[in-house]
Structures are given as C-alpha cells and as structure tokens.
Amino acid sequence: MKGPLKALVKGSSKRNLRATFARAAAELDELAGFWIGRERPRPEEAARRSGWKPDRSDEYCGLCGSTVGPGEASKSGCGSCRRRTLLDTDRIVRLGAYHGPLREWVRDVKYRRWSAMGEYLGRELGGVLAGLNEIERERAVVIPVPMPWTRRLLRGIDHTEIIARAVAGVLDAPLARVLARRHGVPQTQLPRSERRRNAQRGMFRRFRFGGWPLQELDLVVVDDVRTTGATMQAAVRRLRPLRPRRIFGAVIAVSGDTARRQREDHHPQKVTLRDRTNRVTQS
Ligand SMILES: [Zn+2]
C-alpha cells in the first residue's frame, strides 16, 4: 500500500478507535453518577407519590403502540400503522408513553441499576398482559430482547431480562432466552433510517439442540422502550420461523410517537432531506 493511502486507512481506524473509547467513556460516566448518598424510595412509593398509572388499553394503538385519541384506534390499527409488515408483532402492550416519571424510572433502571424499579415495572406490565385475557397461560412463553454481552458487562445490569423475569412471574410462564445480539452500535446512537438494518444485522437466534419447541405457543417479547419498532421487528423476524401461535410485544414505554408525528407535520421537508442524506451515506 502506498504512503498517502496507508496514512488514510491508519487515520480512519484511529478515528474509529477514538469514537469507540468516547462511547465507552460516556457509558461509564452515566454509571459513575449512580445514586451517591441518595436513598431510593420503594418503587410502589415512587409510583404513588407521582400519581402514575399504567395506560388503559384505549389510550394507545394495540398494533403499533402509538398514543391515540378517543376512538382513533380500532382492531386494525391507527393512522401510524399503515406501513405494517409481516415482521410486526400481533399486538403491542405498553405501560405508557416515554416521558415524565416513566422515562426517569426506565433511565434509572438502565443506567443506575435500580433493579427494584425494573421488577416493579415488569410486574405492572405482567398485570396488563394478564388483564387482556388474550394469552392462554399454559401457552405463554416470555422472551427478553437481548443485550450484547459487552454492554451487559459495562452496565452491570441486564435491565430487560429483569423486567422480563417479573413479567414471567406474573403470567406464571417460563422465561426463554431464545435470542441474542452481537455487539454493535446501540440503536439509540443511530439515525432512524439506519436503525432497521442495524437491528436486523445484530439479532440472532441461539442454538439449541433439537431446536426451540415454540410451535403454537403465545410468545411475549419484552423490551424496555420502543422507538422505531426496528428492534422488535428484528426479534419477530427470528421468531416467526418457529411457528408460534401469536407474538405479543410488551414494552414499558413507547417513545416519540405523538411528538414525532407533530414534528413531521411541521417540517415535512426537513425530514425528507435528512432521510435522503442518510441513504447516500449508506450506499
Ligand atoms: Zn397503530
């Protein structure tokens, strides 16, 4: 390799390394901020004090999880569901929109290892699922959306598994770690247009002797926050071939639904332009 080209390659790998370290440092910073000298309330107490309640099922769309107004959603979805694909879950259940106390709690579970709150939110989510009367208990299997082991090591908590375990406890269903994820760029650090591809590439099914016996069962895939739905779709893509009866998506919160729609309504051109730029960068 000639001089200038070599220098270019070397320079770019150095930049990548620097970016990786910057990312790791940011994650560590978040961990370091962890509840020094502060007493955490009991989760039930925190919920009572804030006046928080899980959403009723008519406050959001059962297919995509978006917040809806009265009468806006039907069995066939809402205005945001038009681009539904086979990769989607049969139904989405959520505790609420990703803002206010729910957002703080999810962040505290994830970045400050407040596992008691994770268990509390998981039990609440399990309660909502049980209240649907759509899942047959003897058919239910709970599957956590996995985290790459590298990130689990760095954070010291697999918050999604904690939530999923609590859901499984309420449903009296087994927890099956069917899925795993390769280390890659976290979804939250990517623009929307790249999340789908990134999620599909990173997700895979664990090997199991004799395969996964999930035929005709009701799978409950648990995640903390749903934003574009790309992660859930990647999970569904790996699970459908196992021929379950239905796949439910169960998330603590749905992010940016109404806010996103409003933003797109106000700046339609800006969004299109950004999408186009991203596509050019990808190819
Ligand atoms: Zn919808």
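## Quick notes on the overall build of the protein
Right, so step 1: Of regular secondary structure, the protein possesses 10 helices and 6 strands.
Right, so step 2: Partitioning the contacts of the protein with sequence separation of at least 6, the portion at a separation of at least 24 is 80%.

## Examining the sheet that holds strand 1 (residues 91–97)
Right, so step 1: Strand order in the open sheet formed by 4 strands is 1-6-5-2, with parallel pairing between adjacent strands. Only two strands of the sheet have a single partner each, and these edge strands are strand 1 and strand 2 (140–144). Each strand axis lies, on average, 20 degrees off the axis of its neighbour in the sheet, ignoring direction.
Right, so step 2: Bridge count for strand 2 against strand 5 (residues 218–226) is 5 bridges, and the pairing is parallel. By the bridge assignment for strand 5, Pro144 is matched with Val222.
Right, so step 3: Against the sheet, helix 6 (residues 159–171) engages strand 2, strand 5 and strand 6 (246–254), with an angle of about 140 degrees to strand 5.

## Some points on the environment of Gly118
Right, so step 1: Here Gly118 is to be found in helix 4 (residues 115–132).
Right, so step 2: Between the C-alpha atom of Gly118 and that of Ala166, which follows or precedes it by 48 residues, the distance is 8.2 Å.
Right, so step 3: Look past the residues within four positions of Gly118 in its chain and what remains in contact with it is Val109, His159, Ile162 and Ile163.

## Some points on unusual backbone geometry
Right, so step 1: Positive phi values are uncommon outside glycine, yet Arg113 reaches one of about 50 degrees.
Right, so step 2: Secondary-structure assignment places Arg113 in the loop between helix 3 (100–111) and helix 4.
Right, so step 3: Given 18 C-beta atoms within a 10 Å radius, Arg113 is considered partly exposed.
Right, so step 4: Phi at Asn133 is positive, roughly 60 degrees, even though this residue is not glycine.
Right, so step 5: Considering the arrangement of structural elements, one finds Asn133 in the loop between helix 4 and strand 2.
Right, so step 6: The class of Asn133 is exposed, set by 7 C-beta atoms lying within 10 Å.

## Regarding the confidence of the model for the protein
Right, so step 1: A residue-level look at the protein finds 75% of positions with pLDDT of 70 or above and a mean pLDDT of 82.
Right, so step 2: For the protein, per-element mean pLDDT is lowest for helix 10 (residues 268–282), which scores 37, and highest for strand 2, which scores 98.
Right, so step 3: Per-residue pLDDT stays below 50 along residues 258–283; that stretch engages in 8 contacts with residues further than four places along the chain or on separate chains.

Procedures and definitions
Residues numbered from 1 in each chain as written. Predicted model: local features only at pLDDT ≥ 70, side-chain atom pairs only at ≥ 80, totals over all residues. Helix = DSSP H or I, 4+ residues; strand = E, 2+ residues; numbered from the N terminus. Contact = placed C-beta atoms within 7 Å. Pairing = 2+ DSSP bridges. Axes fitted to C-alpha atoms, helices over the stretch in contact; angles between N-to-C directions. Buried ≥ 20, exposed ≤ 12 C-beta atoms within 10 Å, placed from the backbone. pLDDT = per-residue confidence, 0-100.

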